[in-house]
Amino acid sequence: MRIEEKGECASIKHLIFAYYVTGHGFGHATRVVEVVRNLIAAGHDVHVVTGAPDFVFNSEIQSSRLSLRKLVLDCGAVQADALTVDRLASLQKYSETAVQPRDSILATEVKWLNSIKADLVVSDVVPVACRAAAEAGIRSVCVTNFSWDFIYAEYVMAAGYNHRSIVWQIAEDYSHCEFLIRLPGYCPMPAFRDVIDVPLVVRRLHKSRKEVRKELGIGEDVKLVILNFGGQPAGWKLKEDYLPSGWLCLVCGASDTQELPPNFVKLPKDAYTPDLIAASDCMLGKIGYGTVSEALAYKLPFVFVRRDYFNEEPFLRNMLEFYQSGVEMIRRDLLIGHWKPYLERAISLKPCYEGGINGGEVASHILQETAIGKNYASDKLSGARRLRDAIILGYQLQRVPGRDVSIPEWYTNAENELGLSTGSPTSQARESNAITEFCTDDFEILHGDLQGLSDTMSFLNSLVELNNVSDSEKNSEKRQMREHKAAAGLFNWEEDIFVTRAPGRLDVMGGIADYSGSLVLQMPIREACHVAVQRNHPSKHRLWKHALARQNAKGQGPMPVLQIVSYGSELSNRGPTFDMDLSDFMEEGKPISYEKAKKYFAQDPSQNWAAYVAGTILVLMKELGVRFEDSISMLVSSAVPEGKGVSSSASVEVASMSAIAAAHGLSISPRDLALLCQKVENHIVGAPCGVMDQMTSACGEANKLLAMVCQPAEVIGLVTIPSHIRFWGIDSGIRHSVGGADYGSVRIGAFMGREIIKAIASTRLSQSLSSANGVSPDESDNDGLELLEAEASLDYLCNLSPHRYEALYADQLPQSMLGETFLDKYADHRDTVTVIDKKRTYGVTAAAKHPVYENFRVKAFKALLTSATSDEQLTALGELLYQCHYSYSACGLGSDGTNRLVELVQEMQHGKVSRVEDRTLYGAKITGGGSGGTVCVVGRNSLRSSQHILEIQQRYKKATGYLPFIFEGSSPGAGKFGFLRIRRRVSSKS
């Protein structure tokens, strides 16, 4: 409805719609076709703004009421090939397409909307269209299953927060939309606060299966797979033996020059794919709304290969598997042609989607009613409120356990059934008070001690349950069953299984100063990762079908294979299983280089997580000369939440290497194991982290702070936490990654600063020595020369005292420096795990100053912990946390969510308190690598303090819509836990 000054409404009989279509892929255009077809059938005019080819619309709609305006106002996700998204290029392209010409776009679109006298603007899902509609005084509605603020949020984390204004703007644009018509398989879309759900929007069939096959000359007895990638992976050549005998493959999107084997059929570019899909026996392709909706609607099994870095995918994939329609193929097997086991598995499925497929008709009806004045938006949420919500939630809050913003039913069910804690203190208290009894009738513990750990008991009981997975067909959550079925097939239950446990950590003090040699204080948290490992002779190893097919193709007989299952993988969009031939780690009789291993795991980002687990094997091969002749099965189950800055990756590495070592009789000290695990993360994963995470996970003890000087990893002791002091962690909901651009650039800035300081010290030393005879005695003092000599060869910034830094170097360091300028002057920053980008400007002063002062703060903090109990002690501890927090922000590693939590702690601290003993919370700081994640809070160990933590949790939820996960409690490190060796009792299975 146009918003006229006199309140006039458009005619009910004839309406004009402006329909904007995103430039990302055909799937959006094809679903728009179905909505537009229904609008035109109702007698209305529709102007479609799109970059899609005309045939997409004209093949379905022949009407003068359809107008196509060729224009692209966003770019979606830029793809390097059919399976690879370039995150940085996507943000840069969007900036060029929609940000830089924004003023011109808005002026043009407002003028055009008024010229066609549009009654309603519809967007799928172009952000600027909503803003243009608002400026033109026209209502707008979005129709989609995802929004670009959610998709781009993870790209910003990887590319650097300097890009985040793009996502802010997108969220703000969406906030001008009146409401969202939400399609099945939807992502969280927090920018929209009013939602109407509709059935699948699916293109109708023109021909029957029999008619299509007759036209193609294909009999009913021929198995037919349709290859639907919207373009093919780069450098890919199809071969005849990719298909099972007697099968044919219809190829969509093949180039005119591409030559195909005789059992592959090239389809015309304008082929009507819904008819072809319905005529096929299964589909092989990548997941998108169009392919998934049509596979579900026409009950076609779908063999899918994951795309890199597209956040829409896990929600569509979960829906596909929920209705028993999906089979996941590993990218490696796609490219080398091991298709047979996947295709044969697909045709055995019985797709069961029975939901509506008339979403186009339903959406069309809603749009017509909205255009004539019906109000679907809730009155309680004003435009200003929707804008506020969009700004708070639009780009930062990622898909994490505990978040309940527009998450599909099967997604939340998965969280509950996988036993993931939402951070509710009530549920956590129940967990700690109800220790599960281990089923000793099923397993016997041959070595080790449970140490009363309830999570270890739960993990062992999950092993007991694995044997019954095959009997749980009544379980409606098929995705969970897939993980557990894979795990059930991992082990020979009559042989020994080795179990290890490694906790995450809360960074109390030290944080990013670890790579500069600081003293750090770290607390192992209660949440931990468990790993179960079994080794078997290759001839006795139970292989998954695709792994067996790969081995048979080599014709070498049984060879050592690594198979891994990771629980809870779907919640973070990674493949639940990984397998490889261990010979892949060898080349010419020697272990491959770390660089080659890094590329090996990076080739399929959905399985890149396996680098943390399998990488431990390669490190043991290279560093300790271990050779693995047996096959290895591994089950990984981590309760350490990802992306919260509590070292989820370190806990996986430490637990994995500990289990591998135990299974192979290797004796490795906790310290040495931590250093080996750091190599996994630095050189194979490629994350430039320090060693404190792995050291805490390996060497920590419950209710104690691990004190360590990171030069490189010298544990100086364990500091018992005084009984009157307590530490908490509160998660901001903003994902953190040490692999992100911000953490790496600050680290580079610190190492740049160190080299500049060394150069300054060297110059001063030369000047002092050359002019020693002409200066006053105090200037040529031997002590001063010795200090300059030490600073000229400074190994770690933290060996420079704050007063020396201020006296000699603070004014000499540049605020920032271009990478190329630094390299021209200093040649190298001498950090083995980061690379300077010549075209990037790095902050130097703040990055170098932080570790110098942080080391001093940590030493003071440690001394205060052992001082006399007093309110002044707690106040001083809290002040040190605050100073650390603001120093992070000065480096560019702060975030709005963590700042808000620190402010809430301050509000609680400085509220009206009548007595000193009633004071509860004293300080807070961002932790780990910063840029989101968790804040550490220090306070008095009392019930009132815990109540105030819960109050902060609720205040944060009220402000952001996100309920923070609360970390409290501690547990032993992997070294203290040791390992369990267990075996199933022969008599336990009837």
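Rules of the game
Residues numbered from 1 in each chain as written. Predicted model: local features only at pLDDT ≥ 70, side-chain atom pairs only at ≥ 80, totals over all residues. Heavy atoms only, no water. Helix = DSSP H or I, 4+ residues; strand = E, 2+ residues; numbered from the N terminus. Contact = heavy atoms within 4.5 Å. Areas by Shrake-Rupley, 256 points an atom, 1.4 Å probe, with all protein chains shown as cover. Polar contact = N/O pair within 3.5 Å; in protein donor to acceptor, adjacent residues only side chain to side chain. Core = buried A, V, L, I, M, F, W, Y, C linked by side-chain atoms within 4.5 Å. Buried < 20%, exposed > 50% of the residue type's maximum accessible area, 1.4 Å probe, protein only. Axes fitted to C-alpha atoms, helices over the stretch in contact; angles between N-to-C directions. Parallel < 35°, antiparallel > 145°, perpendicular 65-115°, else oblique. Left-handed = near helix turned anticlockwise from the far one by under 90°. Nonpolar A, V, L, I, M, F, W, Y, C, P; charged D, E, K, R; others polar. Pairing = 2+ DSSP bridges. Phe/Tyr/Trp six-rings, centres within 6.5 Å; stacked < 30°, edge-to-face > 60°. Lys NZ or Arg CZ within 6 Å of the ring centre and 35° of its normal. Salt bridge = Lys/Arg side-chain N within 4 Å of Asp/Glu carboxyl O. pLDDT = per-residue confidence, 0-100.

Looking at an unreviewed UniProt entry, one finds the protein chain named L-arabinokinase, with Hibiscus sabdariffa as its source organism.

Asks: Would you mind going over the overall build of the protein chain with me for this structure?
Replies: Helix and strand counts for the protein chain stand at 34 helices and 32 strands. Of the contacts made within the protein chain by residues no fewer than 6 positions apart, 73% connect residues no fewer than 24 positions apart. Total accessible area on the protein chain is roughly 37,900 Å²; 49% of this is exposed by carbon and sulfur atoms.

Asks: Got a minute to help me understand the side chain of S123 in this structure?
Replies: Mapping S123 onto the fold places it in strand β6 (residues 120-124). For S123, the side chain forms a polar contact with the main-chain nitrogen of V126, separated by 2.6 Å. Every residue in contact with S123, bar those within four places of it in the chain, is listed here: Y20, A129, C130, V141, C142 and V143.

Asks: How do you make sense of the environment of Q815 when you look at a structure like this?
Replies: Looking at the element boundaries, Q815 is found in the loop between α28 (802-809) and β27 (816-818). Considering only alpha carbons, one finds Q815 and A846, 31 residues apart in sequence, at a separation of 7.4 Å. Contacts of Q815, omitting those with residues within four sequence positions, involve Y842, G843, V844 and T845.

Asks: How do you make sense of the nonpolar core when you look at a structure like this?
Replies: It is characteristic of soluble globular proteins that their nonpolar side chains tend to be buried jointly. Judged by nonpolar contacts, the single largest core of 62 residues is most densely connected at F17, Y19, V36, F57, I181 and L367. Broken down by element, this core gets its largest block of residues, seven residues, from helix α1 (residues 25-41). For I181, the residues in contact, after removing those within four places along its chain, are V141, C142, V143, T144, I196, V198, A363, I366 and L367. By size, the runner-up hydrophobic cluster in this structure holds 60 residues, among which are A502, L620, C699 and A974.

Asks: Sorry if this is basic, but what is going on with the packing of helix α24 (residues 670-685) against helix α25 (residues 692-699) here?
Replies: Two numbers describe a pair of packed helices, the interaxial angle and the distance between the axes. At a minimum axis distance of 8 Å, the contact between α24 and α25 shows a crossing angle of 140 degrees. When the axis of α24 is compared with that of α25, the two are oblique. In the crossing of α24 with α25, the sense of the turn from one axis to the other is right-handed. For the pair α24 and α25, the contacting residues are P670, R671, L673, A674, C677, Q678 and E681 in the first and Q694, M695, A698 and C699 in the second. The residue makeup of the contact of α24 with α25, split by class, is seven nonpolar, two polar and two charged.

Asks: Which parts of the structure should I look at to understand the sheet that holds strand β10 (residues 224-228)?
Replies: Within a beta sheet, neighbouring strands are joined by backbone hydrogen bonds and run either parallel or antiparallel to one another. In space, the six strands of this open sheet follow the order β12-β11-β10-β13-β14-β15, with parallel pairing throughout. Where the open sheet ends on each side, the last strands, each with one partner, are β12 (264-266) and β15 (326-328). Strand after strand, the sheet turns through a mean of 25 degrees between neighbouring axes, direction not considered. As paired strands, strand β11 (residues 248-251) and β12 are joined by three bridges and run parallel to one another. Each residue of the ladder has a partner; that of V251, found in β12, is K266.

Asks: Is there a simple way to explain the sheet that holds strand β31 (residues 966-967) in this structure?
Replies: The four strands are arranged β29-β30-β26-β31 in an open sheet whose pairing can be described as antiparallel. Sheet topology places β29 (921-926) and β31 at the edges, where each strand pairs with a single neighbour. Helix α32 (residues 896-909) contacts β26 (725-731), β29 and β30 (934-940) of the sheet and is inclined by roughly 170 degrees relative to β29.

Asks: Looking at this structure, how should I read the side chain of S95?
Replies: Topologically, S95 is positioned in helix α3 (residues 87-99). Taking the relative accessible area as the measure of exposure, S95 reaches 17% and is therefore buried. Not counting residues within four places of it along the chain, the set of residues in contact with S95 comprises Q100, P101 and I166.

Asks: Sorry if this is basic, but what is going on with unusual backbone geometry here?
Replies: Among all residues save glycine, negative phi is the norm, and among peptide bonds the norm is trans. In this chain, D124 is followed by V125 through a cis amide linkage whose omega measures -15 degrees. By secondary structure assignment, the location of V125 is in the loop between β6 and α5 (127-135). Following Q711, the chain continues into P712 via a peptide bond in cis, with omega recorded as 0 degrees. Turning to its location among the elements, P712 is positioned in the loop between β24 (704-709) and β25 (714-720). You will see that E588, though not glycine, has its phi angle at about 55 degrees, which is positive. By secondary structure assignment, the location of E588 is in the loop between β21 (586-587) and β22 (590-591). Backbone geometry at A827 places phi at a positive 75 degrees, although glycine is not the residue there. By the secondary structure assignment, A827 is in the loop between α29 (819-826) and β28 (841-843). Assessed through its relative accessible area of 55%, A827 is described here as exposed.

Asks: I keep staring at the environment of N358 and nothing clicks. Help me out?
Replies: Positionally, N358 belongs in the loop between α13 (340-346) and α14 (359-371). For the pair formed by N358 and V201, sequence separation is 157 residues and the distance between their alpha carbons is 6.1 Å. In contact with N358, not counting residues within four places along its chain, are P199 and L200.

Asks: Looking at this structure, I do not really get the packing of aromatic side chains. What am I missing?
Replies: How two aromatic rings sit relative to each other is given by the distance of their centres and the angle of their planes. Following the criterion strictly, the structure yields 25 aromatic pairs and no others. Ring centres 5.0 Å apart and planes at 90 degrees place the aromatic pair F322 and Y323 in the edge-to-face group. Clustering of aromatic rings is evident, with ring pairs tying together Y94, F146, W148, Y152 and Y155. Taking NZ or CZ as reference, R182 lies 3.8 Å from the ring centre of Y186, over its face. Stacked on the ring of W493, the Lys or Arg R984 has its end atom at 5.9 Å from the ring centre.

Asks: When you look at the pattern of salt bridges in this model, what are you seeing that I'm missing?
Replies: Opposite charge on two side chains allows them to pair when their charged atoms are near. Counted according to the given criterion, the structure contains 50 salt bridges. In this structure, R69 engages E109 in a salt bridge whose closest nitrogen and oxygen atoms are separated by 2.9 Å. Taken together, the positions of R69 in strand β3 (residues 66-70) and E109 in helix α4 (residues 102-115) put the pair 40 residues apart, joining distant regions of the chain. Judged by its relative accessible area of 2%, E109 falls in the buried class. One salt bridge in this structure joins D579 and R332, with 3.6 Å as the shortest N-O distance. Of this pair, D579 sits in strand β20 (residues 577-581) while R332 sits in helix α12 (residues 331-336); the two residues are 247 residues apart in sequence, bridging distant segments of the chain. In terms of burial, D579 and R332 fall into one category: buried. Taken together, the shared-partner salt bridges in this structure form one network comprising E34, R37, E60 and R204.

Asks: What's the story with α5 in this structure? I'm lost.
Replies: Helical geometry: 3.6 residues make up each α-helical turn, so side chains three or four residues apart lie on a common side. Regarding α5, the residues found buried are P127, V128, A129, C130, A132 and A133. Looking one or two residues beyond α5, the residue adopting positive phi is G137, at roughly 75 degrees.

Asks: What exactly am I supposed to notice about the environment of P538 here?
Replies: Inspection of the secondary structure assignment puts P538 in the loop between β18 (519-536) and α20 (545-554). Considered as a pair, P538 and P558 are 20 residues apart in the sequence and their alpha carbons are 5.3 Å apart. Setting aside its immediate chain neighbours within four residues, P538 contacts P558, M559, P560, E629, D630 and S631.

Asks: What's the story with α25 in this structure? I'm lost.
Replies: Burial analysis of α25 places eight of its eight residues in the buried class, which makes it a mostly covered element. M692, D693, Q694, M695, T696, S697, A698 and C699 are the residues of α25 that are buried.

Asks: Teacher, can you tell me more about the pairing of β30 here?
Replies: Note on strand geometry: in a regular strand, side chains alternate between the two faces of the sheet. Counting buried residues in β30 gives seven out of seven residues, a clear majority hidden from the surface. In this sheet, β30 lies alongside β26 in antiparallel orientation, the contact comprising seven bridges. When the bridges of β30 are listed, I725 appears paired with R940. Bridging between β29 and β30 involves five bridges; their strand directions are antiparallel. Note on β30: the bridge partner recorded for L921 is G939.

Asks: Got a minute to help me understand the confidence of the model for the protein chain in this structure?
Replies: Low pLDDT marks regions whose predicted coordinates should not be analysed in detail. Across the protein chain, pLDDT averages 86, with 86% of residues at or above 70. Contacts from residues 470-480, a stretch scored under 50 in pLDDT, to residues over four places away or in other chains number 23 contacts.

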